[in-house]
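# Inside the fold
Now for the letters of each chain:
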Amino acid sequence: APLPRILLVEPQFVLRRTMAMVARDLGMVNFHEASSVGRACTLLASEAYEGLVLDLQEGPQAMELLGDLRQGRFPTPRDVRVVVLAAASTPVDAERLQVLGVARVMGKPVRISDLLGAITEAQAPGAAVPGG
């Protein structure tokens, strides 16, 4: 079976590449990489994904991307599962993230095994659907 196609939005090159390579090597996820929210919007506009991992470093732009996703402005299903990454220094509006249907908020630094666990958990049949 093909691996779930997940868009990974992570500004740190080494972390992003490591996550993508480990996920592929373990045969768990096929990450498509974006270094910024702007790049992620371009990728989301052109094809559909089965999940999204979004770093909140870009703050308002990241929240806007989530809002656009939930409003169905991309080919990706509006109810796709989203895992958010946030550094301790990044302000997180937990209530707004909940309204936007974020499946999980993970603090950075994040262990790749924990992230992959959260993604596979979110992809599992019967997992709660945001807003559903």
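Relevant structure appears above.
A brief structural summary. Starting from 1, residues in each chain are numbered consecutively following that chain's sequence as written. For a predicted model such as this one, the threshold for reporting local features is a pLDDT of at least 70, and the threshold for listing and counting side-chain atom pairs is 80 or more; totals across whole chains, interfaces and linings nevertheless cover every residue. Only heavy atoms go into the side-chain values, all of them from the structure, while hydrogens and water stay out.

What follows covers the pairing of strand β5 (residues 102–108). Note on pairing: two strands pair once DSSP finds at least 2 bridges between them. To qualify as a helix, a DSSP run of H or I must reach at least 4 residues; to qualify as a strand, a run of E must reach at least 2; elements of each kind are numbered from the N terminus. Taken together, the six bridges between strand β4 (residues 82–87) and β5 define a ladder with parallel strand orientation. Paired with valine 83 across the two strands is arginine 104, which belongs to β5. Once you follow β4 into helix α4 (residues 94–99) and on to β5, the crossover reads as right-handed. A right-handed crossover is one whose linking path, passing over the helix from the first strand to the second, runs clockwise when the strands point away from the viewer.

Now for the packing of helix α2 (residues 37–46) against helix α3 (residues 60–70). As a rule, the C-alpha atoms of each element are fitted with a line to give its axis, helices using only the stretch in contact, and angles between N-to-C directions run from 0 to 180 degrees. Contact pair α2 / α3: the axes reach a minimum separation of 10 Å and the direction vectors enclose 15°. Here α3 runs roughly parallel to α2, going by the angle between their axes. As α2 runs across α3, the sense of the crossing is left-handed. Counting all contacts with α2, which are made through Val37, Ala40, Cys41 and Leu44, the residues of α3 involved are Gln61, Ala62 and Leu65. Of the residues belonging to the contact of α2 with α3, the class tally is six nonpolar, one polar and no charged. Should an angle fall under 35 degrees it is taken as roughly parallel, and over 145 as roughly antiparallel, whereas 65 to 115 is taken as roughly perpendicular and any remaining angle as oblique. Note on convention: the crossing is left-handed when the near helix lies turned anticlockwise from the far helix by less than a right angle, right-handed when the turn is clockwise. Contact between two residues is taken to exist if any of their heavy atoms lie within 4.5 Å; hydrogens are not considered. Under this grouping Gly is polar, as are all residues other than the nonpolar Ala, Val, Leu, Ile, Met, Phe, Trp, Tyr, Cys and Pro and the charged Asp, Glu, Lys and Arg.

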